[in-house]
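# Observations on the three-dimensional arrangement
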Amino acid sequence: MKLNAKSASRLAVAPMMDWTDRHCRFFHRQLSRHTLLYTEMVTAPALVRGGALHLLAHDVAENPVALQLGGSDPTELAQAARLGWDAGYPEVNLNCGCPSDRVQSGSFGAVLMENPALVAEICAAMIAAGPAEVTVKCRIGVDDQTPEEVLPRFLDAIRAAGVTRVTIHARKAWLQGLSPKENRDIPPLDYALVTHMKATFPDMHIAVNGGVEDLDAASGFLDAGLDGVMVGRAAYHRPWDILARADSRIFGQPDPVQTRADAVARMLPYIERQMGQGTRLAQVTRHMLGLFAGQPGARQWRRVLSENAHKPGAGPELLETALEAVAQTV
């Protein structure tokens, strides 16, 4: 079933390389039924030229989940978007924000901010390829660009191509001089510019990304008139704080779990199923290390899992051992 990603995008977990894989998304889905989840960025060449369709694999229980694509060739991205729709993704997102060297060398990611005409051509081709909603994630600008000038031109170009939903990381990306890690923290946040873009483009669904640390901040952006909020590292490192009460606070719906132990219990059948298919326990539990962040026993939880999940023979019972270690601390 194709689910409505747009309604879920009031709150989203950002696509993060090496983090938001299918096991992470399944875990996050146990904490929130309604938050929009994203894949890691998948490159169009890997799908179209490399035939790496396994990168599109996901569990229907993860829905609503969107596919993020990277690339710069309109024809190739159109083919990849169609593959994404055929694999069950209701939304395909074009990455125009990643500043990594690997992405730059492929002339995509944040470097696309320098060529809005090409981005518009890409988006039009992706939209024509199939029914999946095509969205864009971008920065406010790159390098010496003046965001107040380039961002409206960029949004105008993609809107003319048919894009109605965009997530704006409220920082510049410095392609020269800063590492990808530094690009997540050093360039100053300009939330006011993102809010101004919503006033300038009222017909577009505009979400903000960057530096959002809690649900209070997310609610504040929604109250200020933005259509959505995307949370990155905070949702990964403190998943309970961001996601476990998101359904009630952001979507006005019941929360699916009441305790962290409930969340662990919901993961056990999935872990058994995945291990039966050859997945190693640590591949799943590494995404759960932050479940008790800020709570008594958090260190014991992390220690039991990080020191033992990779060992031969480790299975779902290790999570119960970790819970016992937490209980002994409280």
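The following refers to the structure shown. (Residues numbered from 1 in each chain as written. Predicted model: local features only at pLDDT ≥ 70, side-chain atom pairs only at ≥ 80, totals over all residues. Heavy atoms only, no water.)

### Comments concerning a negative patch on the surface
Together, Glu272, Glu317, Glu320 and Glu324 line one region of the surface with negative charge. Looking at which element gives the most residues to the negative patch, the answer is helix α17 (residues 317-329), with three residues. For Glu320, the location among the structural elements is in helix α17. Since its relative accessible area comes to 41%, Glu320 is described here as partly exposed. (Patch = residues over 30% accessible without salt bridge, like charges linked within 9 Å, V, L, I, M, F, W, Y side chains within 5 Å. Areas by Shrake-Rupley, 256 points an atom, 1.4 Å probe, with all protein chains shown as cover. Salt bridge = Lys/Arg side-chain N within 4 Å of Asp/Glu carboxyl O. Lys, Arg positive; Asp, Glu negative; His and termini not counted. Charge placed at Lys NZ, Arg CZ, Asp CG, Glu CD. Helix = DSSP H or I, 4+ residues; strand = E, 2+ residues; numbered from the N terminus. Buried < 20%, exposed > 50% of the residue type's maximum accessible area, 1.4 Å probe, protein only.)

### What about the sheet that holds strand β7 (residues 205-209)?
The strand order across the open sheet built from eight strands is β1-β8-β7-β6-β5-β4-β3-β2, with neighbouring strands paired in parallel fashion. The sheet is open, and its two borders are formed by β1 (11-13) and β2 (37-43), each paired with just one other strand. Across the sheet, the axes of successive neighbouring strands diverge by a mean angle of 25°, strand direction being ignored. In this sheet, strand β8 (residues 228-231) lies alongside β7 in parallel orientation, the contact comprising three bridges. (Pairing = 2+ DSSP bridges. Axes fitted to C-alpha atoms, helices over the stretch in contact; angles between N-to-C directions.)

### Some words on the pairing of β8
The side-chain alternation of β8 yields two buried faces, one formed by Gly228 and Met230 and the other by Val229 and Val231. In this structure, β1 lies alongside β8, joined through three bridges in parallel fashion. By the bridge assignment for β8, Ala12 is matched with Met230. Read as a crossover between parallel neighbours, the route from β7 over helix α10 (residues 215-223) to β8 is right-handed. (Right-handed = clockwise from strand over helix to strand, strands pointing away.)

### A short note on the nonpolar core
Ranked by size, the top nonpolar core spans 108 residues in total, and within it Leu69, Val136, Leu155, Ile158, Ile168 and Trp301 carry the most contacts. Excluding its chain neighbours within four sequence positions, the residues that come into contact with Ile158 are Val119, Cys123, Val136, Val163, Val166 and Met204. (Core = buried A, V, L, I, M, F, W, Y, C linked by side-chain atoms within 4.5 Å. Contact = heavy atoms within 4.5 Å.)

### Some points on the pairing of strand β5 (residues 133-139)
Burial of β5 is extensive: six of the seven residues sit out of reach of the surface. Where strand β4 (residues 91-96) meets β5, six bridges bridge the pair, whose relative direction is parallel. Each bridged residue has a counterpart across the sheet, and for Cys96 the counterpart in β5 is Cys138. Here β5 runs beside strand β6 (residues 165-169); their pairing, made up of four bridges, is parallel. Paired with Lys137 across the strands is Thr167, a residue of β6. For the crossover from β5 across helix α7 (residues 147-161) to β6, the handedness is right-handed.

### Examining the pattern of salt bridges
Counted by the stated rule, this structure contains 14 salt bridges. Arg159 is the partner of Asp156 in a salt bridge, and the nearest nitrogen-oxygen pair spans 3.2 Å. Taken as a pair, Asp156 and Arg159 lie in helix α7 at a separation of three residues, close to a single helical turn. You can call Asp156 partly exposed: its relative accessible area is 40%. Assessed through its relative accessible area of 30%, Arg159 is described here as partly exposed. Three or more residues joined by partner-sharing salt bridges are found here, namely Glu91, Glu133 and Arg165.

### Thoughts on unusual backbone geometry
Residue Pro64 follows Asn63 across a cis peptide bond; omega there is 0°. For Pro64, the position within the fold is in the loop between α3 (44-48) and β3 (65-70). Of note, the phi angle at Asp18 is positive, near 70°, even though the residue is not glycine. Phi is positive for Asp143, close to 50°, though the residue is something other than glycine. Mapped onto the elements of the fold, Asp143 is located in the loop between β5 and α7. Assessed through its relative accessible area of 14%, Asp143 is described here as buried.

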